[in-house]
Structures are given as structure tokens and as C-alpha cells.
Amino acid sequence: MSKPVPPPDTARRRAEELRADLRDADERYHQKDDPHLSDFEYDQLKDELVTLEDRWPELRTPDSPTQAVGFRASSLFAPVVHREPMLSLEKVNSRDDFLAWRKSMADFDAGADFAPRFTVEPKVDGVAVELVYERGRLKVASTRGDGTTGEDITANVARVAGVPHALSMPSAPDVFEVRGEVYVTKADFLEWNERLLAEGGETKANPRNFAAGSLKQKDPEETARRPLRLLVYGLGVANWASSAPASWHEARERLRALAFPVVPDELFTLADDENAAAAAVASLEARRDDLAFEIDGAVIKVDQYDLQRRLGARSRSPRWAVAYKFPPREGRTVVRAIEVSVGRTGALTPVAVVEPLPLGGVTITNISLHNRQEVERLDLRVGDTVMIVRAGDVIPHVTKVLHELRTGDPPKLAWPEHCPVCGATVDAPADEPLSYCTNLACPSQVKGRLFHFGSRRAMDIEGLGEKLIAQLVETKGVADPAALYRLTAAELVELERMGEKSAATLLEQIEASKRRPLARFLNALGIPNVGESTARDLARHFGTFARVRAATVEQLLEVPEVGDVTATSVRLFFDEERNVRVLDAMLAAGVDPLPEEAAKTDGVFAGKTVVFTGNLETMTRDEAEEIVRKLGGKASGSVSKKTSLVVAGPGAGSKLEKARELKVAVADEAEFRRMARI
Ligand code: IVH
């Protein structure tokens, strides 16, 4: 092989010049709204740079305008006619429907050689797009539209991460169309919605709407900021220059080799028959909540292209593919009442009580509305029809009020001036969106604190549920956690649904809670600004409860993760007279948190931060994080430059990508076990 020829200085200088000119043109065009080049002149400069970069690839800098920008916004949203219509899919809702669909194929093709295999993959809940490459370069990207005509979104799609701008093929075909879904991960969606909320902007109902809105931006630079991703699920007209693939699964491999993002292997199945396909669908459904992105079903396709051709299409959908829909997580219901509830911190939270709505396996009756401003923003009134989404691990929330269905003029929610539970004054700090009941003895606050105290990640008192707590507070005068340790079997059996046996079990549980690790105990106390992670930091730093309790603000500030607000808050909590009494009573009753083992400074993870993402197969996430902590490390939920290691299992998504971007070490579960010597 001949050695590559280095670029002459003239080429290098010209490339630099072109890059600067194109950047300047982009800035004037997008930011200053003052273009000084015509589209034609701009394209000429860009073509020249592309030619130089193709000839001497080392001239192609990562920030070259040929890589990121260059698709201009001027043609955005112009109509684009698809060379081949973008069809939709027939839907089935159950295994039986799916098997019936498979059987019906015989009506079209009863040939003896008709033996379809099936591919099964997630039905990604995003926005369908088509990308047209002409002579190897991305030319047009469009939405599906009505299937025949979509909208030009080239400038925006060109800025979606992972979208190749050119095909790396030795001789590029004249036309090569790929189709896929632009989507955002659940985590990115939540993060962005929070940001939009904080900035006072309008939040989006679900990841799909967020993706659609992001593709509809008039300024492509705004689209570039959004965390959009692409998954390619098929082809349109594809004149493969070399031999064409014979099946979808082969085409997928070829697309992957061309740098297109395709459905990851662990979510893609090539099934020999319909039963294996149905099993793959069931497995996808079981993993739905663990996936990094939202899916609304599975897509099953006949794999062999010759059989696809034989089956053909109806007017709107092909006969060779079907969408197996999972139960929706979005629905509509009517608001019966808007109540204001009081939590353990005293925060007043508006709650919509709705006509029961089954959604993704649970029946929804109450939906938190977060705060007073949210009710105002939504302009929600009793009797309104609302859209509700319950997506994966996201709690249900009202995404839209259908104001056009409102009848009459129901009154706006009157925000209470007194606590709706105990009647105490409500305090509304000027710098916070929340208002608070000021009475620490408010029964609602008491119940909330007890519930938190006994919860799994705190003192872990099994059986101490909301109903039992309500009875203890209302009939037995239990007003703080210390009172739990004074309960007797005789008192407990007087409660509803409480036999001698369950009373004895509960007392055993309460007894066992006296010896929980210090970190859990500190979390259980519900000290303002001290969550699980800070509780752990405090426990590790001070070792025993007596030392935490006695720590001065200065000493608290020595804990690496503790700042002024938390330190002051901890000190105030332990100085508060009522808390002193409750804590002393607990200690007198025998509560004796296990001292925290000093972190191993010589453990393999000493001083390291480890992030787990995706599914773990041999242990739970909690167990894995505990191992890291025992070996001196810190477990964290998000990847940053400070992360030392990311342990990625199947289904890993954005965190894994971020780790790769930041060049953070990545290991799988087996490697992690080897490191931890377990
Ligand atoms: S295949 C002939 N595969 O679902 C259409 N579609 O209802 C072939 N979708 O418009 C489509 N994930 O936007 C296919 N893995 C997947 C998909 C998928 C999502 C969307 C796509 C399509 C719609 C059909």
C-alpha cells in the first residue's frame, strides 16, 4: 500500500481559511440574522472544503463546519415528497392477535417455500424521519407527514448526534434512503423538562413531544442543543452500490457498518418462527421500564426481503410487518376534586382526585400537581378533562388540560391560608414555590415523618404502612418515632386488621430497627437538607451518632460534600428542643445505630466514583453500590469528568455514551465483580 500523501501547506492554509469563512457565514446567518453569502456561494465554499478533507482526511478537524453545521435553515419545513411512501403499521394488542396476523399471511402466500423468520425490535416512541443521501452525502431529511409528503427538517436533523453526513462507501450510490426514529432518552427528557421549568418555559408532556418540538425549531442551533438521538429501523429507496442485503437483519448490520445508530443487539431478536417472536416481544415488554428510552410496543418484521416483496403492502401498511402495542401510559380522565395535602416537611401540595384511570398496570386516582403555580399554569379546575402520562419510573402527571371540553365556569382553586389538615398558619417563603404548614404537630406532618422513618431506605420497619400509621396517630396518640418504641402488643391488637400474630411481627420489626446502620438512621430522622447521600457522608465522616449529634457547624463543614446550608440545618435540627426530647427518648428505648465502618482507604475503589447504568444481572443496584462503598468508593447516579468507572449492563443508554465521550473507563458486570473480588 502506498503511504498517504501529507497535505501541502497551501491545502492546509486553504482549509483553515474555508473553515473560518464558513463559521463566519454560519454565525451571521444563524445568530446575527445578517447573511452575507447566498446559499449557492455558501455551498460552493463548503464543497471546496469537503473536497480538501476527502483528499486529506487529516485536515478534517472535529469542529469543521463540514461536520456539524452547514445545512441551512432557509428551506426548513418546505414540503418534501417521499420517493416511496412512508407507511404506517397494522397494530395488534395481544399474543393471540399476533398469531392470527401471522396465520393470515397464508391468505396472500401459501407457497410451500414460504417460511418467514421474524425480527423483533422496540417500537421507539419518537418522531419518524427519512434521511436521503445522494451520491453519498446527506441531502434531505424530512418528517413522515401524511406518508406521501413530509416537511424538510434537514438543517435540524443534520445537527442530531450520530447522524452521518456522508456515507463511507467506496462508491456511493446515487440514492440511499434510511428511515428511523428521532427520540430522547427518559433521563434526558426529565433533565430538560426540569431545566425548562426552572427557566419558566413550557414543559413537554412526554419524550416524544419533546423530540417533535426540538425538531420543529426554526433555529437549528437550538435543535443542536437538544439531546436528540436517532435509531435507524429501515430503508426507503436504497440503491446499494455493491451487492444488496437479502434480509432486514443483514441490512441492519450493513447500516451499522455505515455508522448509522441501529437498535442495540440486546434489544434486537432474529426469531425462527412466530412463537420465538412472541417470546421476544414478552421479554421486551418485561424490560420496558428499564430501557433508556420510551417504547410503546414492539415491531415485528418478516426478515427476508424476497418474502417481504411477495407479501407486499395494503394502501397504508405493509403485510410483512406489525406493531405489537403495549398498554398505553397516556390517557384521559376527569378531575373530580382538587385537594391540598400536607407532607412530612409541611409542604402544601395540590392533588387532583380523578375518575379512576387504568394506565400501564395501575389504576390512577390521585395525581400530584406539585405546587400552586402548576395549577395556575395549567389553569386546572374541578370538572376539567385532563391528559395523564405515566411513563416508566415517572410518577403520573397531568400533561394537558382540555379546556375546550370545559362546561360552565368552575371556580379557580382557592389556595388555603390555613393548613387544610390542622388549621395552622401557612408560611409562604418569598424565595420558594412552596408554602408550608407551620405546625410541627400537624397530624399530616406527623404521619409523613413516621412513614419516612419506617420506610425501606430508612429504618426499614416492614408492615408500618400508611393505614397503620394513620391508626396509630389517630387512636394511639403516636406523635413521633420515639413513641413507636413504647408500643405494646396489647395496644396493637386493639387496632383494625391487627391480630396477635401480626402485632408480634410488627414489634419484632420495630425491635430490629434499633440496630440499623447509622446512615439509615440519619436519613430516617428527616433532617432538612439531609437526604440519603448526605446521611451516608455524615455517617462515614463521624462514625457514631454521638459524634454527629455533637458536631459544630465548623466540624460539619469538614465533611467533603457538606456546605453551609446543610451544616446549619443539621446543627439547628439537633439543637431544637423538641428533637432533643425525641432523640433522647429513642436512645433511652434502646435505639443504637450501628457505627459506620470507616471507609476502607485501601479498598480497590478508594477515592473513586462509580456509576452503574443499564441492568445488572447478578445483583441489585443497591447491592452493587454498597460493594463500592465498602471498598472505599462512592456510587453516583450521573457521569461527569470526575467519574472513575462506569459499570454498564444491557440496556445502558445515555450514561454509557457520556462515559465514552468523556473517555471514562467502562466495565461490564463480570469485570466489576473481578475488580471487587466477588
Ligand atoms: S418499521 C412500514 N420499526 O412506528 C413501516 N417502525 O406505526 C415500517 N417506529 O412510522 C416501520 N420504531 O415511526 C419500524 N423499530 C421500528 C420502529 C418503528 C418506531 C414507528 C415508525 C413508524 C411507526 C409505525
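Scroll up to find the structure.
All of these numbers come straight from a predicted model, not from anything done at the bench. (Residues numbered from 1 in each chain as written. Predicted model: local features only at pLDDT ≥ 70, side-chain atom pairs only at ≥ 80, totals over all residues. Heavy atoms only, no water.)

Draft legend 1. Quick look at the pairing of strand 10 (residues 295-302). Within strand 10, 8 of the 8 residues are buried, which leaves it mostly tucked inside the rest of the structure. Relative to strand 11 (residues 321-325), strand 10 runs antiparallel, the two sharing 5 bridges. Residue pairing for strand 11: I300 is matched across the bridge by V322. (Buried < 20%, exposed > 50% of the residue type's maximum accessible area, 1.4 Å probe, protein only. Helix = DSSP H or I, 4+ residues; strand = E, 2+ residues; numbered from the N terminus. Pairing = 2+ DSSP bridges.)

Draft legend 2. Summary view of the pairing of strand 4 (residues 127-134). Burial of strand 4 is extensive: 7 of the 8 residues sit out of reach of the surface. Two strands pair when backbone bridges link them, and strand 4 and strand 5 (residues 137-143) are joined in this way by 6 bridges, in the antiparallel orientation. Looking at the pairing, V129 lines up with T143 of strand 5. Hairpin connection of strand 4 to strand 5: 2 residues between the antiparallel strands, including R135 at a positive phi of 45 degrees.

Draft legend 3. The arrangement of the site of the ligand in detail. The ligand sits among 13 residues. The nearest are E121, P122, V124, E181 and Y233. One of the backbone nitrogen or oxygen atoms of V124 is found 3.0 Å away from a nitrogen atom of the ligand. Out of a free accessible area of 520 Å², the ligand has 89% covered by protein chains. Counting residues per element, the shell around the ligand draws most heavily on strand 3 (residues 118-124), at 4 residues. For the shell around the ligand, the per-class residue count stands at 8 nonpolar, no polar and 5 charged. (Near = heavy atom within 4 Å. Polar contact = N/O pair within 3.5 Å; in protein donor to acceptor, adjacent residues only side chain to side chain. Areas by Shrake-Rupley, 256 points an atom, 1.4 Å probe, with all protein chains shown as cover. Nonpolar A, V, L, I, M, F, W, Y, C, P; charged D, E, K, R; others polar.)

Draft legend 4. Geometry of empty space enclosed by the protein. Inspection of every chain in the model, using the stated rule, returns 2 cavities of 30 Å³ or more. When its volume is computed, the second largest cavity comes out at roughly 30 Å³. Lining the second largest cavity, in full, are W101, S104, M105, F108, L311, R314 and R319. For the lining of the second largest cavity, a count of residues per class yields 4 nonpolar, 1 polar and 2 charged. (1 Å grid on protein atoms, 1.4 Å probe; cavity = no way out; pocket = protein on both sides within 12 Å on 5 of 7 lines; lining within 4 Å. Points joined across faces, edges and corners; volume = space filled by probe spheres on them.)

Draft legend 5. Seen up close, helix 23 (residues 621-630). For helix 23, every residue scored as buried is listed here: A624, E625, I627, V628 and R629. Packing partners of the buried residues in helix 23 comprise helix 18 (532-542), strand 19 (609-613), strand 20 (634-636) and helix 25 (669-676). Positive phi appears at G632, one or two residues downstream of helix 23, with a value of about 90 degrees. (Contact = heavy atoms within 4.5 Å.)

Draft legend 6. Spatial organisation of the side chain of D125. Locating D125 in the fold gives a position in the loop between strand 3 and strand 4. The buried category is assigned to D125, whose relative accessible area is 17%. Reaching out from D125, the side chain makes a polar contact with the side chain of R208 at a distance of 3.1 Å. Contact partners of D125, with chain neighbours within four places excluded, come to E181, Y183, R208, E294, I295 and D296.

Draft legend 7. Fine view of the sheet that holds strand 4. Pairing is antiparallel across the open sheet formed by 4 strands, whose spatial order is 5-4-7-8. The open sheet has two edge strands with one neighbour each: strand 5 and strand 8 (229-238). When strand polarity is set aside, the average angle formed by the axes of neighbouring strands in this sheet is 25 degrees. Across the sheet, helix 8 (residues 248-257) lies against strand 7 (175-183) and strand 8, angled at about 120 degrees from strand 8, the strand it touches most. (Axes fitted to C-alpha atoms, helices over the stretch in contact; angles between N-to-C directions.)

Draft legend 8. Region of the structure containing unusual backbone geometry. Although it is not a glycine, R135 adopts a positive phi angle of roughly 45 degrees. Looking at where R135 falls in the secondary structure, it is placed in the loop between strand 4 and strand 5. Note on R135: relative accessible area 61%, which makes it exposed. Positive phi outside glycine occurs at D460, with the angle close to 55 degrees. Summarising the element assignment, D460 is placed in the loop between helix 12 (443-454) and helix 13 (466-476). Taking relative accessible area as the criterion, D460 reaches 29% and is therefore assigned partly exposed.

Draft legend 9. Just the sheet that holds strand 9 (residues 269-271), in detail. The 5 strands lie next to each other as 2-11-10-3-9, forming an open sheet whose pairing is mixed. Here the strands that pair on one side only, and so sit at the sheet edges, are strand 2 (90-92) and strand 9. Here the average twist between neighbouring strands, direction ignored, is 30 degrees. The sheet contact formed by strand 3 and strand 10 spans 7 bridges and is antiparallel. The residue bridging V120 from the neighbouring strand is I300, located in strand 10. Lying on the sheet, helix 9 (residues 274-286) is in contact with strand 3, strand 9, strand 10 and strand 11; it crosses strand 3 at an angle near 25 degrees.

Draft legend 10. The arrangement of the packing of helix 12 against helix 13 in detail. Where helix 12 meets helix 13, the closest approach of the two axes is 10 Å, and the angle between their N-to-C directions is 130 degrees. As the angle between them shows, helix 12 and helix 13 are arranged oblique. The crossing of helix 12 and helix 13 is right-handed. Of the residues in helix 13, those in contact with V446, K447, L450 and F451 of helix 12 are E466, I469, A470, V473 and E474. (Parallel < 35°, antiparallel > 145°, perpendicular 65-115°, else oblique. Left-handed = near helix turned anticlockwise from the far one by under 90°.)

Draft legend 11. Just the nonpolar core, in detail. Ranked by size, the top nonpolar core spans 67 residues in total, and within it L131 and F176 carry the most contacts. Among residues more than four places away in sequence, those in contact with F176 are L131, V132, Y133, L167, M169, L235, V237, A238, W240, L255, L258 and F260. Judged by nonpolar contacts, the second largest core, of 49 residues, contains M459, V473, A483 and L556. (Core = buried A, V, L, I, M, F, W, Y, C linked by side-chain atoms within 4.5 Å.)

Draft legend 12. How the structure looks around the pattern of salt bridges. Tallied over the full model, the rule gives 43 salt bridges. Of the charged contacts in the structure, one is a salt bridge between E177 and R83, with a shortest N-O distance of 3.0 Å. Of this pair, E177 sits in strand 7 while R83 sits in the loop between strand 1 (79-81) and strand 2, and the two are 94 residues apart along the sequence. (Salt bridge = Lys/Arg side-chain N within 4 Å of Asp/Glu carboxyl O.)

Draft legend 13. Representation of the packing of helix 21 (residues 564-575) against helix 22 (residues 577-588) in the model. The geometry of helix 21 relative to helix 22 is characterised by a closest axis approach of 5 Å and an angle of 70 degrees between their N-to-C directions. Judged by the inter-axis angle, helix 21 sits roughly perpendicular to helix 22. In this structure, helix 21 uses F573, F574 and D575 to contact helix 22, whose residues at the interface are E577, N579, V580 and L583. Classifying every residue of the contact of helix 21 with helix 22 by side-chain character gives 4 nonpolar, 1 polar and 2 charged.

Draft legend 14. Just the environment of R329, in detail. Among the structural elements, R329 can be located in the loop between strand 11 and strand 12 (330-342). Take R329: its relative accessible area is 13%, and that puts it in the buried class. Along the primary structure R329 and I395 are separated by 66 residues, whereas in three dimensions their C-alpha atoms are 11 Å apart.

Draft legend 15. Quick look at helix 9. The terminal C-alpha atoms of helix 9, which comprises 13 residues, lie 18 Å apart, in line with the 18 Å expected from a rise of 1.5 Å per residue. Where helix 9 is concerned, the buried positions are A277, A278, A280, V281 and L284. One side of helix 9 carries all its buried residues, which in axial view fall inside an arc of 160 degrees. As for helix 9, its buried residues are in contact with helix 3 (95-104), strand 3, strand 9, strand 10 and strand 11. (Expected span 1.5 Å × (residues − 1). Arc of directions from axis to C-beta.)

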